[in-house]
Amino acid sequence: MPPASEKPVNVGLFVTCLVDLFRPSVGFAAVKLMEDAGCTVHVPDQTCCGQPAHNSGDRGHTKAIARQVIAAFERFDYVVAPSGSCAGMIAVHYPELFTGEPDWTKRARSLAAKTHELTAFLTDVLGVDTVTAAWSGSATYHDSCAGLREMKVREQPRKLLGSVDGLELEEMADADVCCGFGGTFCVKYGEISTDIVSRKTNNIAATGAEMLLAGDMGCLLNMAGRLRREGSAVQVRHVAEVLAGTTDQAPPIGEAKDG
Amino acid sequence: MEFMNPGAFKANAREALTDENLRSAMGQLAAGFVPLRQAAVDRLPEFDLLRERARELKDHILANLDFYLERFERNCTAAGGQVHWCATAEDARQAVLAICRTVDAKTATKGKSMIAEEIGLNPFLENHGIEPVETDLGEYIIQLADEPPSHIIGPAVHKTKDQVSDLFLHHHRKHGRTERQTEPAKMVAEAREILRQRYLDADVGITGANYLIAETGSSVIVTNEGNGDLTQTLPKIHIVVTSLEKVVPTLEDMTTFLRLLARSATGQEFSAYTTISTGPRRPDDPDGPGEFHVVILDNGRSAMLGGEVQDMLRCIRCGACMNHCPVYHSVGGHSYGAVYVGPMGAVLTPSLLGIAETRHLPCASMLCGRCEEVCPMQIPLPRLLRHWRERAFEGDGVPAAERWGLSIWAWFARRPWLYGQGARLAVRLLRYLGRERGRLGKLWGAGGWTDGRDLPAPEGRTFQELWRQRRGKGGAA
Amino acid sequence: MARRGDPGREAIFAAIRQSLGRPAHSAEARRELDDHIGKHRANLIPQRGKGDGKELVDRFRAMAEAAACTVRTVAAEAEVPGAVADYLRENNLSTRITLAPDSWLSGLDWASQPMLETRGGPARNEDEVAVTPAFAAVAETGTLVALSGPDHPTTLNFMPASHVVALRASQVVGAYEEVWQQLRKATKKGRGFAMPRAVNMITGPSRTADIALTIQLGAHGPRDLHIVLIDDQAGQE
């Protein structure tokens, strides 16, 4: 139910570069969820939050990209990303970037204060308890690191998934342990990353769940890539697709249209 | 495996990933320490408050480190101890050697000490005709194997039981043991008997220190085996090798750290033995060492004060960060090619050795934050790892291809229209390549990814492209 | 030896002050920091370190048992020699015991147990059982505290394979901080106090998990730690 507010809630969707590139259907699912809750969703021109530069130690490029994001999104009431990692970059790391630049620090802090991960925004800000969606089968949920530790996302997606008709949530062991993605880490240290994601896929398989869900495209590409390589039958989707009831819009991640 | 070369991280890690013994040992470590710590934390409702207090306290100590060290020195000396200040590892080695020579020492028993590892004490003593005998069972095992520790509290945690059986069989022959023991209880008993004689024969006992207490001039060790106590009580001389950030003001302050240490390390409420040692044996004491020396090492620590990496000096060496680190679980401690391993090592090693040779250590991390979450001293390990990545990036340690790739990407990322055009092309290309299965099994230039997993194909259009088609430029209709 | 005027020492202190960006503390600042030390302020004592006598003794016992100690309660100190003899017999342990040369402990009627062969002094390698007193015990974690001195050789806590501690229930305190207060009182000297050479906090028998992470007792110190707890608090509640 949308909050009975007089003023429309203007949300800037930070769609994230990976959703933009790999899985636009997640972006549309996010839009649907927020519009159903009464928000007006805007999509300003955008590229990336700057994490690849930030995590590579390239402070200069990180700041340049951060300034661009701040300028593009500061006019909205809220900034929402279907990703704990990118939301965390804006909400936690942007304010730390501009040492000695009080104006930019102020703008970064102000943007940080209104930036949210999608499922946390729905439940904690909009007060959404339930969604109207159905998915018949068992699913397991992976907690992405930045969402969990920087944005405190844990119960919110589980609560919403609890209202999906027909969906049984099977918790995996070590759901809160990293999947081994880590941005450029997974390419620079591919063998270590593969080892870590293999422990994750073992835990996923052990639940017997038919579908793996998570809230971050990076983790999902990594886990889906490994599951497909292993020949697993587990489908992989972003949690927003299930919550929005739009799983018919695209095949599971890493699978062709006809299955 | 190149044990003491952090530059060999990648090659070491590759070797480690195929070492089935290591994989089995690491599996046990993760399955053991993680739930044990959690249970201990759950039993103590004040745990997080204690972390806050401990962090504040340690920050206060570091801000007044010179004062507390002076007080420690004054009170240690007053109790009959001798303090040796050592700016470098070489100074510390020479200080230990000089003390050993006063009694013409032939053997020195050792309690577990990471500082002794840091200064390379064992090979140095051996070269000078003094046999170091490790007495902590884990240290003893790796001394037999001629390896460095792979974990700061469980030095032999990478060894399986079978490997230890073989080591004991091989090395205990000279003590008249010819049977290969396979039960841990029997193996422990065998080592106990052999080491007991070594304690009695030793001229000098060397231990580390978990804390130095300023108000009393005491050093403190925490052990489970009691080896540190026999090491320091039986020989003529007790030498403590430690570093300057270990000082705490009072017994009460030590207590605050102790409440966090064992719970974070092993999930115990308290370690079996915490021993506060103050000066040498008193005139009417029936036992104890005749001399008490404290060798205090700087070795780069003073330079860490006042800057961003000062937070690392809060570390109380519990090992929780490595116990919870997915990378450590995959590659083990030896891959780091350094004395200090895992997340704390990846931050501390560049501080001690410089970033040029150690770049891989802070880079080989997902920055997942699990280490910071469990760190009893609230050290912001991911932030410090990123700090070292920034220093590496500023220097010339980053490969040119990586630097160029990043610059080209950033150039586009700052030009949304051009970026969008490039993105449209890229997703169409990847879509085409993965059109049949919805994924790519191989992709030129992305072997790091595709060697171990498929690359899911994009849907074929970017979100922004579709959004503008559906809604028109500028957002919601 | 390193002393004031030692160039290594001076270099370290100079480096610390340079990194911290300040000179050595002023006399006033030193006084304040000395005050901080002198106050011996407790930082945070967990709730489980608080409680009344009976509650704390019960908690001590439970925590000590959780740390693999065995505990037997006796009604009076006169029963200690008998309880020690029973424990050794029941566990097939040597009946030759080394007693800490503590006047209270030695003053108990050990002759009442003819099966026990007692001697005093520091531990010898062949000793199998040590019987010692304790300075205090901490309920918080089931920890015994022993002080070295002529009446308590440290080696007794570590060398024999079995360690029996005779503890009065009135010696049990809630938190470690109470032990430090008692220690300062007991060893008061001039305006300060004189630490014994060794203060041993002992929580259960010696143990190791260095072989395949399986816990083994008796790594180097005692395999078993038995506490004879004298209920000297009856009627005090």
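Residues numbered from 1 in each chain as written. Chains lettered and ligands numbered in written order. Predicted model: local features only at pLDDT ≥ 70, side-chain atom pairs only at ≥ 80, totals over all residues. Heavy atoms only, no water.

Q: Help me understand the overall build of chain A, please; the structure alone is not making it clear to me.
A: From N to C terminus, chain A includes 13 helices and eight strands. The C-alpha radius of gyration of chain A comes to 18 Å, within 12% of the 18 Å expected for a compact globule of 259 residues. Expressed along its principal axes, the backbone C-alpha trace of chain A runs to roughly 50 × 50 × 30 Å. By the burial criterion, 67% of the 259 residues in chain A qualify as buried. Looking at chain A alone, contacts between residues at least 24 apart form 77% of all its contacts between residues at least 6 apart. (Helix = DSSP H or I, 4+ residues; strand = E, 2+ residues; numbered from the N terminus. Rg over C-alpha atoms; globule rule 2.2 N^0.38 Å. Buried < 20%, exposed > 50% of the residue type's maximum accessible area, 1.4 Å probe, protein only. Contact = heavy atoms within 4.5 Å.)

Q: I'm lost on the overall build of chain C in this one. Help?
A: The helix and strand inventory of chain C stands at seven helices and 14 strands. Taking the principal axes of its C-alpha atoms as reference, chain C extends roughly 70 × 45 × 45 Å. Of the accessible surface of chain C, which amounts to about 10000 Å², a share of 50% is contributed by carbon and sulfur atoms. (Areas by Shrake-Rupley, 256 points an atom, 1.4 Å probe, with all protein chains shown as cover.)

Q: Looking at this model, I keep getting lost on unusual backbone geometry. Mind explaining?
A: Peptide bonds are trans in most cases, and residues, glycine excluded, mostly fall at negative phi. The backbone phi angle of B:Arg317 is positive, close to 60°, even though this residue is not glycine. Within the secondary structure, B:Arg317 sits in the loop between helix 13 (301-304) and helix 14 (320-323). With a phi angle near 55°, C:Asn92 is a residue other than glycine that sits in the positive phi range. For C:Asn92, the location among the structural elements is in the loop between helix 4 (80-90) and strand 2 (96-99).

Q: Is there a simple way to think about the interface of chain A and chain B in this case?
A: Interface size is often expressed as the accessible area that is lost when the parts come together. Contacts between the two partners involve 71 residues from chain A and, on the opposite side, 71 residues from chain B. Both sides together, the interface formed by chain A and chain B hides about 6000 Å², and carbon and sulfur atoms give 57% of it. Three residues stand out in chain A for area buried against chain B, namely A:Phe28, A:Tyr189 and A:Arg229, and they jointly supply 11% of the buried area on that side. Along the contact surface separating chain A from chain B lie ten salt bridges. Between A:Asp195 and B:Arg23 there is a salt bridge, with its nearest N and O atoms 2.4 Å apart. In this assembly, chain A and chain B are joined by 36 residue pairs in polar contact (both at pLDDT 80 or more). Considering each element in turn, the side of chain A that touches chain B owes the most residues, nine residues, to helix 11 (residues 190-207) of chain A. By residue class, the composition of the side of chain A that touches chain B is 33 nonpolar, 22 polar and 16 charged. (Buried area = accessible area lost by both parts, 1.4 Å probe. Salt bridge = Lys/Arg side-chain N within 4 Å of Asp/Glu carboxyl O. Polar contact = N/O pair within 3.5 Å; in protein donor to acceptor, adjacent residues only side chain to side chain. Nonpolar A, V, L, I, M, F, W, Y, C, P; charged D, E, K, R; others polar.)

Q: Whenever I open this one, the packing of aromatic side chains confuses me. Can you help?
A: Aromatic ring pairs are defined here through the distance separating the ring centres and the angle between the ring planes. If you walk through the whole model with that rule in mind, you get 19 aromatic pairs over all chains. Aromatic side chains B:Phe67 and B:Tyr68 sit 5.2 Å apart centroid to centroid with 80° between the ring planes, which places their arrangement in the edge-to-face category. Consider the rings of B:Phe270 and C:Tyr176, whose centres lie 4.8 Å apart with planes at 20°: the pair is stacked. A residue pair is termed interchain when its members come from two chains, as with B:Phe270 in the loop between helix 12 (251-265) and strand 9 (273-277) and C:Tyr176 in helix 7 (residues 176-186). Like B:Phe270, the residue C:Tyr176 is buried in the burial classification. By way of ring pairs, the aromatic residues A:Phe185, A:Tyr189, B:Phe9, B:Tyr328 and B:Tyr336 are connected into one cluster. (Phe/Tyr/Trp six-rings, centres within 6.5 Å; stacked < 30°, edge-to-face > 60°.)

Q: How do you make sense of the sheet that holds strand 3 (residues 117-120) of chain C when you look at a structure like this?
A: Neighbouring strands of a sheet are bound in pairs by backbone hydrogen bonds; such pairs are parallel or else antiparallel. Residues and elements named next belong to chain C. Here six strands make up an open sheet; going across it, the order is 1-14-7-4-2-3 and the pairing parallel. Edge strands, defined here as strands with exactly one partner in the open sheet, are strand 1 (70-74) and strand 3. Ignoring strand direction, the axes of neighbouring strands in this sheet form an average angle of 25°. Bridge count between strand 2 and strand 3: four bridges; the pairing is parallel. Bridge pairing in strand 3 places Leu-99 opposite Gly-120. Here helix 3 (residues 53-66) sits on the sheet and contacts strand 1, strand 7 (162-168) and strand 14 (224-230); the angle it forms with strand 1, its principal contact strand, is near 150°. Packed onto the sheet, helix 4 meets strand 1, strand 2, strand 4 (129-133), strand 7 and strand 14 and runs at close to 145° relative to strand 1. (Pairing = 2+ DSSP bridges. Axes fitted to C-alpha atoms, helices over the stretch in contact; angles between N-to-C directions.)

Q: What is the right way to look at the side chain of B:Glu147 in this model?
A: All names here are of chain B. With respect to the helices and strands, Glu-147 occurs in the loop between helix 8 (137-145) and helix 9 (161-171). One polar contact links Glu-147 to Lys-159, side chain to side chain, over a distance of 2.9 Å. The contacts of Glu-147, once residues within four sequence positions are left out, are Phe-3, Ile-142, His-158, Lys-159 and His-334.

Q: Honestly, helix 19 (residues 381-394) of chain B in this entry has me stumped. Any pointers?
A: The α-helix advances 3.6 residues per turn, and as a result positions three or four apart in sequence lie on the same side. Residue and element names in this part refer to chain B. The first and last C-alpha atoms of helix 19 sit 20 Å apart over 14 residues, in line with the 20 Å expected at 1.5 Å per residue. Burial runs high along helix 19: eleven of the 14 residues are buried. Leu-381, Pro-382, Leu-384, Leu-385, Arg-386, His-387, Trp-388, Arg-389, Glu-390, Ala-392 and Phe-393 are the residues of helix 19 that are buried. (Expected span 1.5 Å × (residues − 1).)

Q: Explain the arrangement of the chains here, please?
A: Of all two pairs of chains that touch, the greatest number of contacts is found between chains B and C. One thing to see here is that chain A and chain C don't touch, and their nearest C-alpha atoms sit 19 Å from each other.

Q: Can you walk me through a nonpolar patch on the surface in this structure?
A: All names here are of chain B. A cluster of nonpolar side chains, contributed by Trp-404, Ile-408, Trp-411, Phe-412, Trp-417 and Leu-418, occupies part of the molecular surface with about 710 Å² of accessible area. Looking at the nonpolar patch, the elements that each hand over two or more residues are helix 20 (400-413) and helix 21 (416-433). Structurally, Leu-418 can be placed in helix 21. (Patch = residues over 30% accessible without salt bridge, like charges linked within 9 Å, V, L, I, M, F, W, Y side chains within 5 Å.)

Q: For this particular structure, what's the right way to read the interface of chain B and chain C?
A: Taken residue by residue, the interface counts 105 residues in chain B and 80 residues in chain C. Note that C:Arg22 is salt-bridged to B:Asp66, the shortest N-O span being 2.7 Å. Sort the elements by how many residues they give to the side of chain B that touches chain C and helix 10 (residues 184-201) of chain B lands first, with eleven residues. For the side of chain B that touches chain C, the class distribution of residues is 48 nonpolar, 32 polar and 25 charged. Across five bridges, strand 9 of chain B lies against strand 11 (residues 198-202) of chain C in antiparallel orientation. In the strand pairing of strand 11 of chain C, B:Ile276 is matched with C:Val199.

Q: I keep staring at helix 23 (residues 463-471) of chain B and nothing clicks. Help me out?
A: For helix 23 of chain B, the set of buried residues is B:Phe463, B:Gln464, B:Glu465, B:Leu466, B:Trp467 and B:Arg468. Contacts from the buried residues of helix 23 of chain B go to strand 1 (9-13), helix 1 (17-22), helix 2 (24-36) and strand 2 (39-42) of chain A together with helix 21 of chain B.

Q: Before we go on, may I ask you to explain the state of the cysteines in this structure?
A: Simply put, disulfide is the name for a covalent bond between the sulfur atoms of two cysteines. All names here are of chain A. Taken as a whole and assessed by the stated rule, the structure comprises zero disulfides over all chains. Of the cysteine sulfurs around Cys-179, a residue in no disulfide, the closest is that of Cys-219, at 4.3 Å. Judged by its relative accessible area of 2%, Cys-179 is buried. (Disulfide = S-S within 2.5 Å.)

Q: How do you make sense of the sheet that holds strand 4 (residues 204-207) of chain B when you look at a structure like this?
A: Residue and element names in this part refer to chain B. The six strands are arranged 1-10-7-4-2-3 in an open sheet whose pairing can be described as parallel. Bordering the open sheet on either side are strand 1 (82-86) and strand 3 (131-134), each of which pairs with just one other strand. Geometrically, the sheet is characterised by an average inter-axis angle of 25° between neighbouring strands, direction not taken into account. As defined by bridge partners, strand 7 (residues 237-243) adjoins strand 10 (residues 291-297) across seven bridges and the pair is classed as parallel. The residue of strand 10 that forms the bridge with Ile-237 is Glu-291.

Q: Looking at this model, I keep getting lost on the packing of helix 11 of chain A against helix 1 (residues 9-17) of chain B. Mind explaining?
A: The relative placement of two packed helices is expressed as an angle between their axes plus a distance between the axes. Two elements in contact, helix 11 of chain A and helix 1 of chain B, have axes whose closest approach is 9 Å; the angle formed by their N-to-C orientations is 35°. As helix 11 of chain A packs across helix 1 of chain B, the resulting crossing turns out to be left-handed. Touching A:Glu191, A:Ile192 and A:Asp195 of helix 11 of chain A are B:Phe9, B:Ala13, B:Arg14 and B:Leu17, all from helix 1 of chain B. Considering only residue class, the contact of helix 11 of chain A with helix 1 of chain B consists of four nonpolar, no polar and three charged. (Left-handed = near helix turned anticlockwise from the far one by under 90°.)

Q: How should I be thinking about the domain arrangement of chain A in this particular structure?
A: Residues and elements named next belong to chain A. According to the domain assignment, chain A contains domain 1 (9-124) and domain 2 (130-243). The distance between the C-alpha centroids of domain 1 and domain 2 comes to 22 Å. Between domain 1 and domain 2, the residue contacts involve 28 residues of the former and 23 residues of the latter. Note on domain 1 versus domain 2: buried area summed over both sides is about 1900 Å², and carbon and sulfur give 69% of it. (Domains from an automatic or database assignment.)

Q: Explain the environment of A:Gly127 to me, please; I cannot follow it from the model alone.
A: Within the element layout of this structure, A:Gly127 appears in the loop between helix 7 (118-125) and strand 5 (134-142). The spatial distance from the C-alpha of A:Gly127 to the C-alpha of A:Phe14 is 21 Å, given a sequence separation of 113 residues.

Q: Honestly, the pattern of salt bridges in this entry has me stumped. Any pointers?
A: Between side chains of opposite charge, pairing is possible as soon as their charged atoms come close. All told, the structure shown has 70 salt bridges over all chains when counted by the stated rule. In this structure, A:Lys32 engages A:Asp36 in a salt bridge whose closest nitrogen and oxygen atoms are separated by 3.0 Å. With a gap of four residues between them, A:Lys32 and A:Asp36 both fall in helix 2, about one helical turn apart. Here A:Lys32 falls in the partly exposed class, since its relative accessible area comes to 31%. Residue A:Asp36 is classed as partly exposed on the basis of its relative accessible area, which comes to 44%. The salt bridge involving B:Glu394 is made with B:Arg391; its shortest N-O contact spans 2.8 Å. Of this pair, B:Glu394 and B:Arg391 both sit in helix 19, three residues apart, roughly one helical turn. Residues participating in the shared-partner salt-bridge network are B:Asp66, B:Glu70, C:Arg17, C:Arg22 and C:Arg30.

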